[in-house]
Amino acid sequence: MNLTLHVWRQANAAAPGRMVRYDARDVSEDMSFLEMLDVVNEKLIGEGKEPIAFEHDCREGICGSCGFMINGAAHGPQKGTTICQLHMRYFKDGEELYLEPWRATAFPVLKDLVVDRGAFDRIIAAGGFVSVRTGSAPDGNAIPVPKEAADTAMDAAACIGCGACVAACPNAAAALFTGAKISHLGMLPQGQAERSRRALRMVEQLTLEQFGSCTNIGECEAACPKQIPIEMIARMNRDHLKAAWQFRGAGKSGGGE
Amino acid sequence: MAATGAALYLFVTIHLLGNLQVFLGPEAINSYAAKLKSVPEIVWGARLGLLATVGLHILTTIQLMRINAKARPTAYTKKANSASTVASRTMYLSGPTIAAFIVYHLLHLTVGSAHPQYSETDVYSNIVFGFRVWWVSAAYLIAMGLLCTHLRHGVQSMFQSLGFNHPLQTPRIKKFANAVGILYFTGFASMPLAALTGFLPPFFERL
């Protein structure tokens, strides 16, 4: 099949960008979306032009490196799928596709479709440490975890930090990402010791990174390739409200430093 | 925003129940109004409280809008909406329209300066004659439609913002929010429609 691509091209973080039109000819429906771009890039390289920059690593949907907008949908139209796992059979011959990077102040564009998601790393870092015993591996099931808690923690832990939630959110909020990270540890007995302080600091970092504010619209959960539900955002709000009350008067990040 | 929204939601409920007494006849609603007005502490307390709540609701919204505008300065060339409701995406439109309507509504039925034949004591006639003007009723219906879509997103959003999300209860809350939206619209719409169609006759015709 043949496709028309409109791709955001931007030389570097400081340069202005624009949409450029490309023709993708003889695309096999068995290709993944990134493989299709590889073919387009090989042609560009052959012509001595700059290939389209996009981020990718595992290409099996588990690393969280890839991701951009296809016709305004984060990771494209297929539910619960990263772009590397999205196959060309879901597109029609002759279709026009608009490829754009995630757009958010917190995610500056580095080049073409690549954005800097360092803000996510700083939110994780703000969460701090977890008090666990080091040394030899603990006995299996030495700490009982209720089934529901284990399931929720696992659902939250499925977050690969790709940034689709921020990209899909009309407010560019990172509530689903932060909510998933807070729930992931907050649901488990091992994460209880620092639960309140972690919520307080991660939410504080969230605002510092200039992400938007959640208005409970639900676009994030629809865009998430790991289908993480917005229940995680409610848990973040709950933990944050509780922590803010618990550490009232102790300074913004709960003191202790 | 959730807290002020909850308070305003409570007011809307009381306001609707109070005004539906118009169907019980002029005596019922006029004596209800007289009772309210006889205790100025309650009336003015409620008015000032509501004004402060509306003010805070708007102020927090403006803060939120500014944060969110800064968070995404460059818009997408194309943006698909897949999960969000129209109600949730139009909160910034329904909100200011409702605010403008409230100002008119106060001038119309509380102050009376925008009413053709306002009476201080005869609330019943104020409603009936006020709504007999077709464009007043039309504006009222549009504003109530927007208020109910605003509530539809607001009610469910409030629980989520305050940290309540439950696998069983949240779908129920959403259904409840939708039902409340439709129910309140029906309630509010019934009054101008009844006045327009003549179902609510003027006071003197009832005597």
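Please read these numbers as outputs of a predicted model, since none were measured by experiment.

1. Re the packing of helix α2 (residues 26–38) of chain B against helix α6 (residues 123–131) of chain B
Residue and element names in this part refer to chain B.
Line of reasoning, step 1. It is the contact of α2 with α6, at a shortest axis distance of 7 Å, that shows an interaxial angle of 115 degrees. Facing Pro26, Ile29, Asn30 and Ala33 of α2, the residues of α6 in contact are Val123, Tyr124 and Ile127.
Line of reasoning, step 2. The residue inventory of the contact of α2 with α6, partitioned by class, reads 6 nonpolar, 1 polar and no charged.

2. Some remarks on the side chain of His75 of chain A
Residues and elements named next belong to chain A.
Line of reasoning, step 1. Assignment of secondary structure puts His75 in the loop between β4 (73–74) and β5 (96–100).
Line of reasoning, step 2. Here His75 falls in the buried class, since its relative accessible area comes to 0%.
Line of reasoning, step 3. For His75, the side chain forms a polar contact with the main-chain nitrogen of Ile83, separated by 3.1 Å.

3. A closer look at the confidence of the model for chain B
Line of reasoning, step 1. Residues with a pLDDT of 70 or more make up 98% of chain B, whose mean pLDDT is 90.
Line of reasoning, step 2. Taking the mean pLDDT of every element in chain B, the minimum, 56, falls on helix α9 (residues 203–206) of chain B and the maximum, 94, on helix α3 (residues 40–71) of chain B.

4. A look at the interface of chain B and chain A
Line of reasoning, step 1. Residue-level contacts link 29 residues of chain B with 36 residues of chain A.
Line of reasoning, step 2. Between the two partners, chain B and chain A, sit 0 salt bridges.
Line of reasoning, step 3. Our count for the chain B to chain A interface comes out at 24 residue pairs in polar contact (both at pLDDT 80 or more).
Line of reasoning, step 4. Going through the elements one at a time, α3, α4 (86–89) and α7 (134–161) of chain B are the ones with two or more residues in the side of chain B that touches chain A.
Line of reasoning, step 5. The class makeup of the residues in the side of chain B that touches chain A is 11 nonpolar, 13 polar and 5 charged.

5. Some remarks on the pairing of strand β1 (residues 3–9) of chain A
All names here are of chain A.
Line of reasoning, step 1. Burial within β1 is extensive, with 7 of its 7 residues counted as buried.
Line of reasoning, step 2. Residues Leu3, Leu5, Val7 and Arg9 line one face of β1 and the alternating positions Thr4, His6 and Trp8 line the opposite face, and both faces are buried.
Line of reasoning, step 3. Bridge count for β1 against strand β2 (residues 18–24) is 7 bridges, and the pairing is antiparallel. The partner of Arg9 across the bridge, within β2, is Arg18.
Line of reasoning, step 4. Bridge analysis of β1 against β5 gives 4 bridges, and the strand direction is parallel. If you follow Thr4 over to β5, its bridge partner there is Glu96.

Cut-off values and rules
- Residues numbered from 1 in each chain as written.
- Chains lettered and ligands numbered in written order.
- Predicted model: local features only at pLDDT ≥ 70, side-chain atom pairs only at ≥ 80, totals over all residues.
- Heavy atoms only, no water.
- Axes fitted to C-alpha atoms, helices over the stretch in contact; angles between N-to-C directions.
- Helix = DSSP H or I, 4+ residues; strand = E, 2+ residues; numbered from the N terminus.
- Contact = heavy atoms within 4.5 Å.
- Nonpolar A, V, L, I, M, F, W, Y, C, P; charged D, E, K, R; others polar.
- Buried < 20%, exposed > 50% of the residue type's maximum accessible area, 1.4 Å probe, protein only.
- Polar contact = N/O pair within 3.5 Å; in protein donor to acceptor, adjacent residues only side chain to side chain.
- pLDDT = per-residue confidence, 0-100.
- Salt bridge = Lys/Arg side-chain N within 4 Å of Asp/Glu carboxyl O.
- Pairing = 2+ DSSP bridges.

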